[in-house]
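Report on the structure
Below are the chains, spelled out letter by letter.
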Amino acid sequence: AAGSPAAAQVPGSASSPATATAAAPATTAEPKTPKEFINRATQRFSAGDYAGAIDDYRAAYQLRQLPTLIFNIAQAHRKAGQWQEALANYERFLKEDAKSALAPEAEAHAAAMRAKIEAEKSSLEREAAARLAQQRVEEAEALAKAREEERGKAEVALLLATTAKKEPLYKR
């Protein structure tokens, strides 16, 4: 029952993780079985505690290597805005269970993560280029200001040189 990713998916939104078991009431004892870790992970995911959900899904995976748990880890990373980690886990899930009913969704999310990573990279590159350009402008303005006095002296010397009337040599 817990091994089939197709049967494991929770009905409803694509943003919820797939679950390998039915939800159970919350328990205060520390989880010991994969089912208990999955139940707590699902509760944490639903509450927006993605880091806690990731920890519990990983603990469940250590006990029972269900590819659906990798998908759930990817979902939690995606919801937490951790695009690189999400992508790595979607790709790992697809490698381990390419025929899963969740594969098309994992492929779509992986493509979206690649796009987000590329967009962030482009944005960071634009920001770096803008900072460099601003730095160059500031350097040029500082240099111009530092050289202003010298430029003024040169202009005065040029003005004097062009306005001073020298006696022609034959009159000396």
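Structure's up top.
First, a word on scope: everything that follows refers to the structure included in this document. (Residues numbered from 1 in each chain as written. Predicted model: local features only at pLDDT ≥ 70, side-chain atom pairs only at ≥ 80, totals over all residues. Heavy atoms only, no water.)

Digging into the overall build of the chain
- Summing up its helical and strand segments, the chain has 6 helices and 0 strands in all.
- Listed N to C, the secondary structure of the chain is α-α-α-α-α-α in terms of helices and strands.
- Residues counted as buried form 30% of the 172 residues belonging to the chain.
- Taking contacts inside the chain between residues at least 6 apart in sequence as the whole, the part at least 24 apart equals 46%. (Helix = DSSP H or I, 4+ residues; strand = E, 2+ residues; numbered from the N terminus. Buried < 20%, exposed > 50% of the residue type's maximum accessible area, 1.4 Å probe, protein only. Contact = heavy atoms within 4.5 Å.)

So, the packing of aromatic side chains
- As enumerated under the stated definition, the model contains 3 aromatic pairs in all.
- Relative to Tyr-90, the ring of Phe-71 has its centre 5.9 Å away and its plane inclined at 65°; by these criteria the two rings are edge-to-face. Of this pair, Phe-71 sits in helix H4 (residues 67-79) while Tyr-90 is found in helix H5 (residues 83-96), placing the two residues 19 residues apart along the sequence. When sorted by exposure, Phe-71 lands in the same class as Tyr-90, which is buried.
- The structure contains a cluster of three or more aromatic residues connected by ring pairs, namely Phe-71, Tyr-90 and Phe-93.
- The ring of Trp-83 carries Lys-116 above its face, with NZ or CZ at 4.7 Å from the centroid. (Phe/Tyr/Trp six-rings, centres within 6.5 Å; stacked < 30°, edge-to-face > 60°. Lys NZ or Arg CZ within 6 Å of the ring centre and 35° of its normal.)

What about the nonpolar core?
- Of all hydrophobic cores here, the largest spans 28 residues; its most connected members are Tyr-57, Leu-69, Tyr-90 and Phe-93.
- Broken down by secondary-structure element, the contributors of at least two residues to this core are helix H2 (34-46), helix H3 (50-63), H4, H5 and helix H6 (103-163).
- When neighbours within four sequence positions are excluded, Tyr-90 is seen to be in contact with Phe-71, Ala-74, Gln-75, Arg-78, Ala-106, His-109, Ala-110 and Met-113. (Core = buried A, V, L, I, M, F, W, Y, C linked by side-chain atoms within 4.5 Å.)

Describing H2
- If you check H2, its first and last C-alpha atoms are 18 Å apart, about what 13 residues at 1.5 Å a residue would give, namely 18 Å.
- For H2, the complete set of buried residues consists of Phe-37, Ile-38, Asn-39, Ala-41, Thr-42 and Phe-45.
- Looking at the buried side of H2, the elements it contacts are H3 and H4.
- One or two steps after H2, the chain reaches Gly-48, where phi turns positive at roughly 85°. (Expected span 1.5 Å × (residues − 1).)

Focus on the packing of H5 against H6
- In contact at an axis separation of 9 Å, H5 and H6 are set at 150° when each is read in the N-to-C sense. Relative to H6, the element H5 lies roughly antiparallel. For the element pair H5 and H6, the recorded crossing hand is left-handed. Taken together, the residues of H6 that come into contact with H5 (itself represented by Trp-83, Gln-84, Ala-86, Leu-87, Tyr-90, Glu-91, Phe-93 and Leu-94) are Ala-103, Ala-106, Glu-107, His-109, Ala-110, Met-113, Arg-114, Lys-116, Ile-117 and Glu-120. (Axes fitted to C-alpha atoms, helices over the stretch in contact; angles between N-to-C directions. Parallel < 35°, antiparallel > 145°, perpendicular 65-115°, else oblique. Left-handed = near helix turned anticlockwise from the far one by under 90°.)

Structural notes on the pattern of salt bridges
- Per the counting criterion, the structure on display carries 9 salt bridges.
- For Arg-44, the salt bridge is made with Asp-56, and the minimal N-O distance between the two is 3.1 Å. Of this pair, Arg-44 sits in helix H2 while Asp-56 is found in helix H3, placing the two residues 12 residues apart along the sequence.
- One salt bridge connects Glu-139 with Arg-136, and the closest N-O pair in it is separated by 3.5 Å. Placement of the pair is Glu-139 and Arg-136 together in helix H6, with a separation of 3 residues, close to one helical turn.
- On the accessibility criterion, Glu-139 (39% relative accessible area) is partly exposed.
- Using a relative accessible area of 47% as the deciding quantity, one classes Arg-136 as partly exposed.
- Bridged by salt links that share partners, the residues Glu-30, Arg-40, Arg-44, Asp-49 and Asp-56 form one connected network. (Salt bridge = Lys/Arg side-chain N within 4 Å of Asp/Glu carboxyl O.)

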